[in-house]
Amino acid sequence: MDDVIIVGGSFAGLAAAMQLGRARRKVTLLDTGLNRNRYASHAHNVLGFDGVPPGDVLSQAREQVAAYPTVKLVQGRAETVSGEPDDFTIKTAEGESFTGRRLILSYGIVDEFPDIPGFAESWGKTVIHCPFCHGYEVAGRRWGLLFSSLLSLHATSLYADWTDDITLILDGNDIPDEERSKLEKRGVKIHDGKLAAIQQAGGGISGVTLEDGTEIGLDALYAHPRNRPSANLHEQLGLDTKETPTGLMVEVDERQKTSRDGVYAAGDLSNGMHSITIAAYSGSMAAMGAQQSMLG
Ligand SMILES: Cc1cc2nc3c(=O)[nH]c(=O)nc-3n(C[C@H](O)[C@H](O)[C@H](O)COP(=O)(O)OP(=O)(O)OC[C@H]3O[C@@H](n4cnc5c(N)ncnc54)[C@H](O)[C@@H]3O)c2cc1C
C-alpha cells in the first residue's frame, strides 16, 4: 500500500510528490498529461522558468521527481475512489487499482470555451485569463475584457498597470449605473453588445465583432470562461465545495485538508488564485498536511 496516492501530476501534484519523495514516503502519482496551460507557448512569472514552455517546466519536474525511488509516476486516469483513511482505493480507466493511506487531489480544472468563433483557437495565445502570466508581452496595446462577473469591474483597474487602452465588452450583461460612470471617468470604453466572433491575424487576435455588427480593434482579449473540475472524485468522496464566480472549488484548510479526513486537495481545484507558483505552493502544503497526519 502507498502512503499517498496523488491524482493529477502537474504543478500541484508534482510539488506534492517531490516533497513526499524527499521524506521517503511511498507515493503513486496518476496523471493524464493535460496541464491547464498547455495552450500557451510560454509560461511566465515562474521563478527560474520565466518564458519557458509549460511542457518543458513539467518534463524537468517529472524527471526530478521520478529520481526519488519511493515515488511512482503512472500514466492513467483515476476514475473511482472509495475507502477510508489508511485504506483508500483508486481505480483507473485503464483497469489498474491502487491503495493508499492518504489522498491528494490535484486534478485541476477544465475551461469551458464559449461557442464563439475564434475563441478556442486564440485561448492561451492572445485570448488570455491573467495579466501576470501574459500581460507584459502586450503591455501598452489595445486590451479588451469580456465581462463574466462583477469581478470584471475590478479587473479593469488592475489592467491599468499595463495599458490605458481598455475596452470592456459587457456581452449583454447589465452593470450598475454608478459603476458604469466610474469606469467611463477612468477612460474605459464600454460596449454593451454580445460578442459574436474573434478575428485573428498573424497568430494573434486583431479584433472582435459584436452581434450588432460593431467591430473593435484589439491586440489582446481577457476572458474568464466557466470552468469545471477535471474529474469527479471530490463528488464521489462527498467533499465540501464552494462556488466561485466562474465555477467551483474544493474547500480546504490551511494545510489543504478537505472536509474528509485523509483527503487533501491542491492547485486550481482548491484555490481561486490560478498560477503555477500558487499551485506548487499548495501541493507542497498538501504533502505536509498528509505527511503530518501519518506521523506516530
Ligand atoms: C491558457 C493559460 C495560460 C496560463 N499561463 C500561466 C503562466 O504563464 N504562469 C502561471 O503562473 N500560470 C499560468 N496559468 C495558470 C496555470 O496553468 C494553473 O494555475 C496551473 O496549471 C494549475 O496547476 P494544477 O496542478 O492545479 O492543475 P493542472 O495544471 O490543470 O493539472 C492537472 C493535472 O491533472 C491531470 N488529471 C486530470 N484529471 C485526472 C484524472 N482523473 N486522473 C489523473 N490525472 C488527471 C491532468 O491531465 C493534468 O496533468 C495559465 C492558465 C491558462 C488557462
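Values in this document were obtained by computation on a predicted structure and should not be read as measured data.

Side note on the packing of aromatic side chains
Here the structure, examined in full by the defined rule, presents nine aromatic pairs. Relative to Tyr222, the ring of Trp143 has its centre 4.6 Å away and its plane inclined at 35 degrees; by these criteria the two rings are tilted. Of this pair, Trp143 sits in strand 9 (residues 143-146) while Tyr222 sits in strand 15 (residues 220-222); the two residues are 79 residues apart in sequence, bridging distant segments of the chain.

Focus: the layout of surface pockets
Think of a ball as big as a water molecule: rolled over the atoms, this probe shows where empty space is left. Estimates place the volume of the second largest pocket at around 340 Å³. For the lining of the second largest pocket, the secondary structure elements donating two or more residues are helix 1 (11-22), helix 2 (54-66) and helix 8 (276-293). The greatest single-element share of the lining of the second largest pocket, amounting to six residues, is contributed by helix 2. Split by residue class, the lining of the second largest pocket holds 13 nonpolar, three polar and no charged.

Quick look at the site of the ligand
Taken together, the neighbourhood of the ligand is formed by 35 residues, with Ser10, Asp31, Thr32, Leu34 and His44 sitting nearest. Phe11 places a polar main-chain atom, nitrogen or oxygen, 3.3 Å from an oxygen atom of the ligand. Ser275 places a main-chain nitrogen or oxygen 3.1 Å from an oxygen atom of the ligand. A total of 1000 Å² of accessible area belongs to the ligand in isolation, and the protein chains cover 99% of it. Mapped onto the shell around the ligand, the elements with two or more residues apiece are helix 1, strand 2 (27-31), helix 4 (131-134) and helix 8.

Focus on the packing of helix 1 against helix 8
Between two packed helices, both the angle of their axes relative to each other and the distance between the axes serve to describe the pair. Interhelical geometry of helix 1 versus helix 8 gives an angle of 40 degrees and a closest axis separation of 7 Å. By the angle class used here, helix 1 and helix 8 are oblique. Between helix 1 and helix 8 lies a crossing whose hand is right-handed. Each of Phe11, Ala12, Ala15, Ala16, Gln19 and Leu20 in helix 1 lies in contact with helix 8, whose residues at this interface are Ile276, Ala279, Ala280, Gly283, Ser284, Ala287, Met288 and Gln291. Its residues assigned to classes, the contact of helix 1 with helix 8 shows ten nonpolar, four polar and no charged.

Re the UniProt feature "domain: FAD/NAD(P)-binding" (unreviewed entry) in the chain
The positions UniProt marks with the feature "domain: FAD/NAD(P)-binding" (unreviewed entry) are residues 3-283. The distance separating the terminal C-alpha atoms of residues 3-283 is 16 Å; by composition the span is 22% helix and 31% strand.

A few points about the sheet that holds strand 15
The strands making up a sheet associate through backbone hydrogen bonding, with each pair oriented either parallel or antiparallel. Spatially, five strands are ordered 8-15-9-10-11 in an open sheet, and the strand pairing comes out parallel. Either end of the sheet is taken by a strand with one partner, and the two such strands are strand 8 (127-128) and strand 11 (189-191). Sheet analysis places strand 9 next to strand 10 (residues 166-169), joined by four bridges and oriented parallel. What sits directly across from Leu146, in strand 10, is Ile169. Lying over the sheet, helix 5 (residues 151-159) contacts strand 9, strand 10 and strand 15, oriented at roughly 165 degrees with respect to strand 9.

The rules we used
- Residues numbered from 1 in each chain as written.
- Predicted model: local features only at pLDDT ≥ 70, side-chain atom pairs only at ≥ 80, totals over all residues.
- Heavy atoms only, no water.
- Phe/Tyr/Trp six-rings, centres within 6.5 Å; stacked < 30°, edge-to-face > 60°.
- Helix = DSSP H or I, 4+ residues; strand = E, 2+ residues; numbered from the N terminus.
- 1 Å grid on protein atoms, 1.4 Å probe; cavity = no way out; pocket = protein on both sides within 12 Å on 5 of 7 lines; lining within 4 Å.
- Points joined across faces, edges and corners; volume = space filled by probe spheres on them.
- Nonpolar A, V, L, I, M, F, W, Y, C, P; charged D, E, K, R; others polar.
- Near = heavy atom within 4 Å.
- Polar contact = N/O pair within 3.5 Å; in protein donor to acceptor, adjacent residues only side chain to side chain.
- Areas by Shrake-Rupley, 256 points an atom, 1.4 Å probe, with all protein chains shown as cover.
- Axes fitted to C-alpha atoms, helices over the stretch in contact; angles between N-to-C directions.
- Parallel < 35°, antiparallel > 145°, perpendicular 65-115°, else oblique.
- Left-handed = near helix turned anticlockwise from the far one by under 90°.
- Contact = heavy atoms within 4.5 Å.
- UniProt positions renumbered as here; feature names shortened; annotations may be inferred.
- Pairing = 2+ DSSP bridges.

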